[in-house]
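Working through the structure, step by step
The primary structure of each chain is shown beneath.
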Amino acid sequence: MTAVATRPPVKGAMKWWGWGEEGVAFSHEGKPGFGPFIKEHLGIDVEHTSARPPAFGELDVPEPNLGDDLRAALERAVGDAHVSDDSHDRVVHARGKSLRELIRQRRGDLGRVPDVIVRPGDETEVAEVLRAALDADAVVIPFGGGTSISGSLEAPAQETRTVISVDLERMDRLLAIDETSRLARVQAGVYGPHLEAQLNAQGWTFGHYPDSFTHSTLGGWIATRSSGMQSDRYGDIADATRGLRVVTPSGMLVTRPVPSTSTGPSVREMVLGSEGRLGIICEATVQVRRLPEERTILGYLFPDWAASVQAMNAIAASEAAPSVTRVADADETRFSFATKKGNSPLDSVKSKALGTYLKRRRGFDLDEMCLAFIGYEGPERFVAAQRKGVGRIVSAHGGVCIGASPGELYDQKKFDTPYIRDYLLDRGSLADVSETSAPWGTLPGLYAGARAAANGAFSALGVQGYLMCHLSHSYNAGACLYFTFAFAPSGTRDALEQYDVVKSAIQQAFVDHGGTLSHHHAVGTEHAPWLEQDISAPGVGMLRALFDGTDPGANLNPGKIV
Ligand SMILES: Cc1cc2nc3c(=O)[nH]c(=O)nc-3n(C[C@H](O)[C@H](O)[C@H](O)COP(=O)(O)OP(=O)(O)OC[C@H]3O[C@@H](n4cnc5c(N)ncnc54)[C@H](O)[C@@H]3O)c2cc1C
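First things first, this report covers the structure right here in the doc. Residue numbers run consecutively from 1 along every chain, following the written order of its sequence. The predicted origin of the model limits local features to residues at a pLDDT of at least 70 and limits the giving and counting of side-chain atom pairs to 80 or more, whereas totals for whole chains, interfaces and linings rest on all residues. Calculated side-chain values reflect all of the structure's heavy atoms, with hydrogen atoms and water omitted.

1. Some thoughts on the overall build of the protein
- Per the secondary structure count, the protein includes 21 helices and 19 strands.
- Computation of the radius of gyration draws on C-alpha atoms alone. For the globule rule, the value is 2.2 Å times the number of residues to the power 0.38. Against the 2.2 N^0.38 benchmark of 24 Å for 562 residues, the protein shows a C-alpha radius of gyration of 24 Å, consistent with a compact globule.
- For every residue, the accessible area obtained with a 1.4 Å probe (protein chains only) is divided by the maximum for its type, and the residue is called buried under 20%, exposed over 50%, and partly exposed between those limits. Within the protein, the proportion of its 562 residues that are buried is 57%.
- Long-range contacts, defined here as pairs at least 24 residues apart, represent 77% of the contacts in the protein between residues at least 6 apart.
- Accessible areas in this description were obtained via Shrake-Rupley with a 1.4 Å probe; residue shielding takes into account the shown protein chains only. Of the roughly 22,400 Å² that the protein leaves accessible, carbon and sulfur atoms contribute 51%.
- For the purpose of charge, His is not counted, nor are the chain termini; Lys and Arg are scored as positive and Asp and Glu as negative. Positions of charges follow a simple convention, taking NZ of Lys, CZ of Arg, CG of Asp or CD of Glu. Between the centroid of the 56 positive side chains of the protein and the centroid of its 69 negative side chains there is a distance of 6 Å. Note on conventions: DSSP H or I runs of at least 4 residues are helices, E runs of at least 2 residues are strands, and numbering of each starts at the N terminus. Contacts were defined at the residue level, with two residues in contact if any of their heavy atoms lie within 4.5 Å.

Here it is as structure tokens:
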């Protein structure tokens, strides 16, 4: 292994009330189609801001419940400078970024705020923190980047024990690269951009790019079974994570970074998706690849959703191996066009010439067309051959290539999208996502079922709603469907109750139509009501036994998953 010795800066916290960094926000300026689109589909005026989060000083942050003995033990473990009971720090660590959490934060309803934040610098310190917590019968919640979207970070409302948030941000180093095996040892608290920067400096990449990449960590990805947009090539985090070092109540759990093993039920798999319930992940050995010679994402248009899904299935079944396969349905395609800046290359799609060509020569109904992005990576000749092979499949399904500009734009802008939820909340509108995966044969029925369920929920609430979907993360046997919904709640019922009606309808449709409760957003508390329908009662029983056996005092992130 080649030792790597960089000490990167620790990253600042996100806004306590929303996504991302202070001072950065989504704006409709320069996007002439956006305001009219939102007016038409949600009935709201984007120029009118109706709700803003309160000032931090207006919040009623409860006093921390931290005894002197426990504080002293934590300070001995990590040093005084890394133990914090600062109110802002505690509120930032109280929750993740699900819509429910954002709404409650904005209401000043802070929930069970952790009493103290502890920032260990290495795995020995993590072990000492856990030992001190167990001795004091305190609750420990590991904290990565705080981007959880499924309620995986909040302590139970009635928790009377001291709650310790263990923030791994100081453990952010690439430790070593085994160039022969293409494996990298990495500390679990590293954020996405810093992991890539450290690897890229030596010519390597991990290739894991979730939409939350800028603010999420390796440990969080592992603990939630994350998936990134290039998963078709690099695999989901579950594929890319080979070895683990985890501090558990009974000592250091170590799994070897072997390519495959026959050691009974997989302990590595038990840690994947464990959401902090089994221990604190300190280090992972992950698969890395050499930086590709060439990387490109091309845009394509398909005549309709059915043809798009068939084309993605055919690509998955072929010898082609793209890094990204993503196709938006007609509703998401319209939204994409509406959010583009004036005079962007995508506008050309709407230009008369191309519109006429698509309609007259290709038989497109422009209201039904679907925008796809397909990515290619590798040596120049390999990329050229892949493009050719995919191009044949696209043509056979009535699609056309519209070049690299739309893909480049998507690639540059994808990490800005999470700011849109805060922008809409400022204007009294709710927007959120639900995603699933299912076999190819099941996807059309699931898509129709989820749409019917969401539209039924909008009608039952008497609200104007918008639902859109894209397919991403293709596998041989199936793919992920990712739905985004938005609506302005009516004044007759609490907004969160209305949100529950829509979100629950979509989630129920997933399990009713053969999908899973989530492809990559984890269970947390948001999706726990569907777990038994997804994995059966004996499956839930096994998970319970695993958590109870590993953590008999229920000290580790209690109340999540089951
Ligand atoms: C706008 C938005 C976009 C998103 N896009 C994607 C996407 O494209 N793909 C995707 O997969 N997810 C996505 N997510 C979900 C979220 O980013 C992932 O779940 C991510 O993996 C969480 O990482 P984190 O470091 O922020 O973990 P946190 O949110 O801090 O924690 C999540 C869970 O993991 C546990 N945990 C964290 N670190 C450790 C550790 N070291 N040891 C043990 N347990 C730990 C926590 O206790 C908690 O239960 C998105 C979320 C948002 C809000």
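Now that the structure is up, let's keep going.
2. Here's the deal with the pairing of strand β13 (residues 294-302)
- Taking burial as the measure, the 9 residues of β13 include 7 buried ones, the bulk of the element.
- One requirement defines pairing of two strands: DSSP has to find at least two bridges between them. Here 9 bridges tie β13 to strand β15 (residues 370-378), and the two strands are oriented antiparallel to one another. Bridge pairing links R295 to E377 in β15.
- Sheet topology note: the β13/strand β16 (residues 400-403) ladder contains 3 bridges and is antiparallel. If you follow Y300 over to β16, its bridge partner there is C401.

3. Some words on the pattern of salt bridges
- A carboxyl oxygen of Asp or Glu within 4 Å of a side-chain nitrogen of Lys or Arg is what we treat as a salt bridge. Counted according to the given criterion, the structure contains 30 salt bridges.
- R334 serves as the salt-bridge partner of D331, at 2.5 Å between the closest nitrogen and oxygen. Here the residue D331 and the residue R334 both occupy positions in helix α12 (residues 330-339), the gap between them amounting to 3 residues, near one helical turn.
- Through salt bridges with shared partners, a single network forms among D89, R119, D167 and E169.

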